[in-house]
Amino acid sequence: MVAASAPARRFEIGRRGLQLLSWLAPVALLVVWELLAQAGWLSPQVLPAPSKVVRTAFKLVASGSLLNDLGISLLRAAAGFAIGGTVGFALGTLVGFSRIAEAAIDRSVQMIRAIPFLAALPLVIVWLGVGEAEKIFLVALGVTCPIYINTTLGIRQVDPKLVELGRVQGLGTLELIRRIVLPGALPSILTGVRYALATAWLALVVAETIGAQSGIGFLAMDAREFLRADVIVLTIVIYALIGVAADGIARTLERRLLAWHPNYGSAR
């Protein structure tokens, strides 16, 4: 028993060491940034010290404005992700199983995917105004394509021999999809989710810089008007931390849903 647990303990220590190593560069950057700012080599008006940014964060949290804006941005991102993810998964599943659907849908989706957010923004404002619908629509638009592409790719990459084996075992079409095709496509679908999470925040930043009255993007634009570099840096840090947290959630989903896969589960 002892001999069997020793390798597991060594692996656990190694895994923790890798996690600490992943934070080494950001922490070192913060330390250097703070030292340069305290030494006067960085102007507070251009790039304030991390300590000042932290103090600003505490003040905004105490006033309630930061948590309110953060909550509104999270709700917008969640709503857009839910809508875009559902549409992308449905279209990707349809195209993955049907060449006719691919001919009818894929080219249009690829054309939409090639349009930058800033190019689409004026038309979206004409359609939906500058309210919540415009922001949620842009997030959903950004999320749809990564999930669509990876869902289609995942379904197409399922080993045909496994599908044939399922048919030999007498599985019906729905059972074949549920037990073989979708589990086989899941790694690619979850990769699409990770890309979509990053794209969602990019779309939200673009949406919240135009006509917003709340949200993290609005907080940054309002700070720009008053030359508050500390607030602007704070919003950038918040976006970065949310991105790390979202990626961590996606990785956790991978480990849980793909525990059967040799490259995921306890191996990661």
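Residues numbered from 1 in each chain as written. Predicted model: local features only at pLDDT ≥ 70, side-chain atom pairs only at ≥ 80, totals over all residues. Heavy atoms only, no water.

K.L.:
When you look at the environment of Ile-112 in this model, what are you seeing that I'm missing?
P.N.:
Relative to the elements of secondary structure, Ile-112 occurs in helix α5 (residues 99-113). With relative accessibility at 42%, the residue Ile-112 sits in the partly exposed group. (Helix = DSSP H or I, 4+ residues; strand = E, 2+ residues; numbered from the N terminus. Buried < 20%, exposed > 50% of the residue type's maximum accessible area, 1.4 Å probe, protein only.)

K.L.:
In this structure, what is going on with the packing of aromatic side chains? I would like to understand it.
P.N.:
The geometry of an aromatic ring pair is captured by the separation of the ring centres together with the interplanar angle, meaning the angle of the planes. Scanning the entire structure with this criterion turns up one aromatic pair. Look at Trp-201 and Tyr-239: their rings are 6.0 Å apart centre to centre, the planes differ by 65°, and that puts the pair in the edge-to-face class. Of this pair, Trp-201 sits in helix α9 (residues 173-208) while Tyr-239 sits in helix α11 (residues 229-257), placing them 38 residues apart in sequence. Since its relative accessible area comes to 11%, Trp-201 is described here as buried. Residue class for Tyr-239 comes out buried when judged on its relative accessible area of 18%. (Phe/Tyr/Trp six-rings, centres within 6.5 Å; stacked < 30°, edge-to-face > 60°.)

K.L.:
Sorry if this is basic, but what is going on with a nonpolar patch on the surface here?
P.N.:
On the surface, Trp-23, Val-27, Val-31, Leu-35 and Val-244 cluster together into a nonpolar patch covering about 480 Å² of accessible area. Of all the elements, helix α2 (residues 24-38) adds the most residues to the nonpolar patch, at three residues. Assessed through its relative accessible area of 45%, Val-27 is described here as partly exposed. (Patch = residues over 30% accessible without salt bridge, like charges linked within 9 Å, V, L, I, M, F, W, Y side chains within 5 Å. Areas by Shrake-Rupley, 256 points an atom, 1.4 Å probe, with all protein chains shown as cover. Salt bridge = Lys/Arg side-chain N within 4 Å of Asp/Glu carboxyl O.)

K.L.:
Would you mind showing me how to read the pattern of salt bridges here?
P.N.:
Close approach of charged atoms allows side chains with opposite charge to pair. Using the criterion set out here, one finds 13 salt bridges in the structure. The salt bridge involving Asp-247 is made with Arg-194; its shortest N-O contact spans 2.9 Å. Taken together, the residues span a long stretch of sequence, with Asp-247 in helix α11 and Arg-194 in helix α9 at a distance of 53 residues. For Asp-247, a relative accessible area of 24% gives the class partly exposed. A single network of salt bridges, built from pairs that share partners, joins Arg-194, Asp-247, Arg-251 and Glu-254.

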